[in-house]
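Letter by letter, the chains look like this.
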Amino acid sequence: MDMKLTGKQLTIIVVAIAFIVMAIMTMVIDTEETGTTTTEQTASTEQQESKPDSVIVNEPLEGDPYQELDELIGLGAVKEEVKSLANFVKLQKQRQDKGLKTPKLSYHLVFTGSPGTGKTTVARIVARIYKDLGILKKGHTVETDRSGLVANYVGQTATKTNAIVDSALNGVLFIDEAYALVPEDASSDYGQEAISTLLKRMEDDRDKLVVIIAGYTNEMKRFIDSNPGLQSRFNRYINFPDYSADELTDIFKMYMKRNQYTISEDADTLLQEKLHYAVAHKDRNFGNARYVRNVFEKAIQAQANRLSDKKGLSERQLTEITYDDLIKAFK
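Rules and cut-offs
- Residues numbered from 1 in each chain as written.
- Predicted model: local features only at pLDDT ≥ 70, side-chain atom pairs only at ≥ 80, totals over all residues.
- Heavy atoms only, no water.
- Pairing = 2+ DSSP bridges.
- Helix = DSSP H or I, 4+ residues; strand = E, 2+ residues; numbered from the N terminus.
- Axes fitted to C-alpha atoms, helices over the stretch in contact; angles between N-to-C directions.
- 1 Å grid on protein atoms, 1.4 Å probe; cavity = no way out; pocket = protein on both sides within 12 Å on 5 of 7 lines; lining within 4 Å.
- Points joined across faces, edges and corners; volume = space filled by probe spheres on them.
- Phe/Tyr/Trp six-rings, centres within 6.5 Å; stacked < 30°, edge-to-face > 60°.
- Buried < 20%, exposed > 50% of the residue type's maximum accessible area, 1.4 Å probe, protein only.
- Core = buried A, V, L, I, M, F, W, Y, C linked by side-chain atoms within 4.5 Å.
- Contact = heavy atoms within 4.5 Å.
- Salt bridge = Lys/Arg side-chain N within 4 Å of Asp/Glu carboxyl O.

Q: Hey, could you run me through the sheet that holds strand β2 (residues 109–113) in this one?
A: Within a sheet, neighbouring strands are paired by backbone hydrogen bonds and run either parallel or antiparallel to one another. As summarised here, the arrangement of the six strands in space is β1-β3-β4-β5-β2-β6, forming an open sheet in which the pairing is mixed. Edge positions in the open sheet fall to β1 (56–58) and β6 (237–240), since each of these has one partner strand only. The average undirected angle you get between the axes of adjacent strands in this sheet is 20 degrees. Of the strand pairs in this sheet, strand β3 (residues 141–144) and strand β4 (residues 171–176) are connected by four bridges, and their pairing is parallel.

The following block contains the structure:
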């Protein structure tokens, strides 16, 4: 049966179809927007929950931190400074127990020196000494640098810095290359927000937070001088000198002992010659103990390659680092 529609009816049908299409499009748009929002929220949550790679948490080890300090190779002046600080704190606590006046103490420290001179190691020991002295309840260290404190967008740095500080409460916050928070070539930088946040937390949580900052000597002086708040809170400096060639040799042999390796006589002679040369020709980027550790790791890798096709190896072959192994390691 033929059915003809009037003009009015056609108009009504077209309008109805238009409304249906608009409703469908609105639902699609709403779904897409909701999906985007959920994705962004999930990403944001994951970013907040994940720890940045530049943050390392070291729980306090068992054992005597004073003995570990004594057993460190070299660093004679550093050891004396740390012991002197510990003695001062002990005496002030005794005065306090007797009701005598005690000066206001700042436990925050500045470690200055080149890379690989033991600053991080000593910071961990200091945290445990502070726990032993009753300054800190836990004595762990949270180690970070600029990237662990400074965010990429406005308003996020304070949140990021506060989170790091929270994780360091009752322990030591160790900031390596702290001078990077105030770049020389940046007039406006989020590092200043990190510093302001850190200074406020050092005041608010002064009974349960110790901050140790570290870096090259000249750069750290520039950093401290950049802010009066830093100057007032960091007034105790400990300088870490570069290791001598003999001390680096001792460090190499310490790695050998810990990992049950020995060294041939000609390789031992070569080791000393190479390290004396390295120290005599070093630049400001010389890695000190890190350099030696790298040489050791390359030496035992060279040994493994040398012995890879041999069978029935003796204990001496499995443990001895040879002249050829060291030659390859120093390359």
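Q: Before we go on, may I ask you to explain the layout of surface pockets in this structure?
A: Gaps between atoms show up when a probe of the same size as a water molecule is rolled over them. Looking at the largest pocket, its volume works out to about 1,200 Å³. Taken together, 44 residues form the lining of the largest pocket, with G118, K119, T120, T121 and R124 sitting closest to its centre. Elements with a minimum of two residues in the lining of the largest pocket: β1, α2 (65–71), α4 (119–132), β3, β4, α10 (245–258) and α12 (289–307). Among the elements that line the lining of the largest pocket, the one with the most residues is α4, at seven residues.

Q: Even after reading the chapter, I still don't get the packing of aromatic side chains, so can you show me in this structure?
A: Given two aromatic rings, their pairing is described by the distance between the two centres and the angle made by the two planes. According to the stated counting rule, one finds seven aromatic pairs in the structure shown. Centre to centre, the rings of Y107 and Y130 are 5.7 Å apart; their planes meet at 65 degrees, and the pair counts as edge-to-face. Residue Y107 is located in the loop between α3 (76–97) and β2, and its partner Y130 is located in helix α4; the two are separated by 23 residues in the primary sequence. This pair shows no difference in class: Y107 is buried, exactly as Y130 is. Summarising the aromatic geometry, the rings of F252 and F296 are spaced 5.6 Å apart at their centres and angled 85 degrees between planes, so their arrangement reads as edge-to-face.

Q: So what exactly am I meant to see when it comes to the nonpolar core here?
A: Generally speaking, nonpolar side chains in soluble globular proteins are found buried as a group. Within the largest apolar cluster, 52 residues are counted, with the highest numbers of intra-cluster contacts made by F111, Y130, I212, F252 and L326. Looking at this core, the element that brings in the most residues is α4, giving seven residues. If near-sequence neighbours (up to four positions away) are discounted, L326 is found in contact with F252, I263, A267, L270, L271, V295, A299 and I321. Of all hydrophobic cores here, the second largest spans 29 residues; its members include I164, V211, Y216 and F234.

Q: I keep staring at the pattern of salt bridges and nothing clicks. Help me out?
A: Close approach of charged atoms allows side chains of opposite charge to pair. According to the stated counting rule, one finds 15 salt bridges in the structure shown. The salt bridge partner of D225 is K221, with a shortest N-O separation of 3.0 Å. On the criterion of helical spacing, the pair formed by D225 and K221 is a turn pair, its members being four residues apart in helix α8 (residues 217–225). Overall, K221 belongs to the exposed group, its relative accessible area being 52%. Between D242 and K282 there is a salt bridge whose closest N-O contact spans 2.9 Å. Of the two residues, D242 sits in the loop between β6 and α10 while K282 sits in the loop between α11 (265–280) and α12, which places them 40 residues apart along the sequence. Looking at D242, the relative accessible area reads 27%, which means it is partly exposed. Residue classification places K282 among the partly exposed positions, given a relative accessible area of 32%.

These figures come from the coordinates and say nothing about function on their own.
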